[in-house]
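Each chain is listed here by its residues.
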Amino acid sequence: MYDVAFNEAVRDYRSMVFRIAFGYCKDVHDADDITQDVFLKLYKSDEHFAAPENIKAWLIRVTMNSSKSLLRSVWQSRRSDFNEATAAQALPEDCLELYQYIDGLKPKYRTVIYLFYYEGYSVKEIAAMLSIRETTVTTQLGRARSQLKEVLLAEGFG
């Protein structure tokens, strides 16, 4: 990849990659490591992207795979649990409460919620990106919304 195109990709998608990684691993330092690793893979990649949307989709897929690999690692299983102070440093204050509710969802639900609402992908695009059927994405979105609704109603946001 050319240096100019790489620098543009880092500038445009660094925060998105970090947010996805943080959503999976819930640790600022791990998310930073994953972000660096993803962009290193992009730099070394021989992929030729026809459009910026293709780079974005590639980065999302690689970030999710790298995050899942970290979570499956032996190192991760021997570490301490999520540190809320670390999370508070990584997220804007006005998003922290909503993030805590979204964080309570299963990873597959968090992923589709993030891609649909935060990144603006359609159900069809998410299905292609995650290599699952569109009906599966629709079902996961519906279940995630239902779970969030139950939690928010229980907390008095009704």
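Residues numbered from 1 in each chain as written. Predicted model: local features only at pLDDT ≥ 70, side-chain atom pairs only at ≥ 80, totals over all residues. Heavy atoms only, no water.

> Could you clarify how one ought to interpret the side chain of Thr-35 in this entry?
By secondary structure assignment, the location of Thr-35 is in helix H2 (residues 28-44). Of note is the side chain of Thr-35, whose polar atom sits 2.7 Å from the backbone oxygen of Ala-31. Sequence-distant contacts of Thr-35, that is, excluding residues within four places in its chain, are made with Arg-14, Val-17 and Phe-18. (Helix = DSSP H or I, 4+ residues; strand = E, 2+ residues; numbered from the N terminus. Polar contact = N/O pair within 3.5 Å; in protein donor to acceptor, adjacent residues only side chain to side chain. Contact = heavy atoms within 4.5 Å.)

> How should I be thinking about unusual backbone geometry in this particular structure?
Glycine aside, negative phi is the norm for most residues, and most peptide bonds take the trans geometry. A positive phi angle, near 60°, is found at Ser-131, a position not held by glycine. Structurally, Ser-131 is set in the loop between helix H8 (123-130) and helix H9 (134-154).

> What am I meant to see in the nonpolar core here?
For soluble globular proteins, the rule of thumb is that nonpolar side chains tend to be buried together. In this structure, Met-16, Leu-59, Ile-60 and Leu-115 are the most contacted members of the largest nonpolar core, which totals 42 residues. Elements that contribute at least two residues to this core include exactly helix H1 (3-25), H2, helix H3 (52-72), helix H6 (93-103), helix H7 (107-118), H8 and H9. A total of 11 residues in this core trace back to one element, the largest contributor, which is H1. Not counting the four nearest positions on each side in its chain, Leu-59 is found in contact with Tyr-13, Met-16, Val-17, Val-38, Phe-39 and Leu-42. (Core = buried A, V, L, I, M, F, W, Y, C linked by side-chain atoms within 4.5 Å. Buried < 20%, exposed > 50% of the residue type's maximum accessible area, 1.4 Å probe, protein only.)

> Explanation requested: the confidence of the model for the protein chain in the structure shown.
It should be kept in mind that the predicted coordinates are not to be read in detail where pLDDT is low. Mean pLDDT over the protein chain: 82, with 84% of residues reaching 70 or higher. Highest mean pLDDT in the protein chain belongs to H2 (92); lowest belongs to helix H5 (residues 84-90) (50). With pLDDT under 50 throughout, residues 80-85 is counted as low confidence; its partners more than four residues away or in other chains account for 3 contacts. (pLDDT = per-residue confidence, 0-100.)

> Just checking my understanding: could you explain the side chain of Ser-66 for this structure?
Inspection of the secondary structure puts Ser-66 in helix H3. Taking the relative accessible area as the measure of exposure, Ser-66 reaches 10% and is therefore buried. Within the structure, the side chain of Ser-66 is placed 3.3 Å from the side chain of Lys-41, a separation counted as a polar contact. Other than its neighbours up to four places away in sequence, Ser-66 contacts Ile-34, Asp-37, Val-38 and Lys-41.

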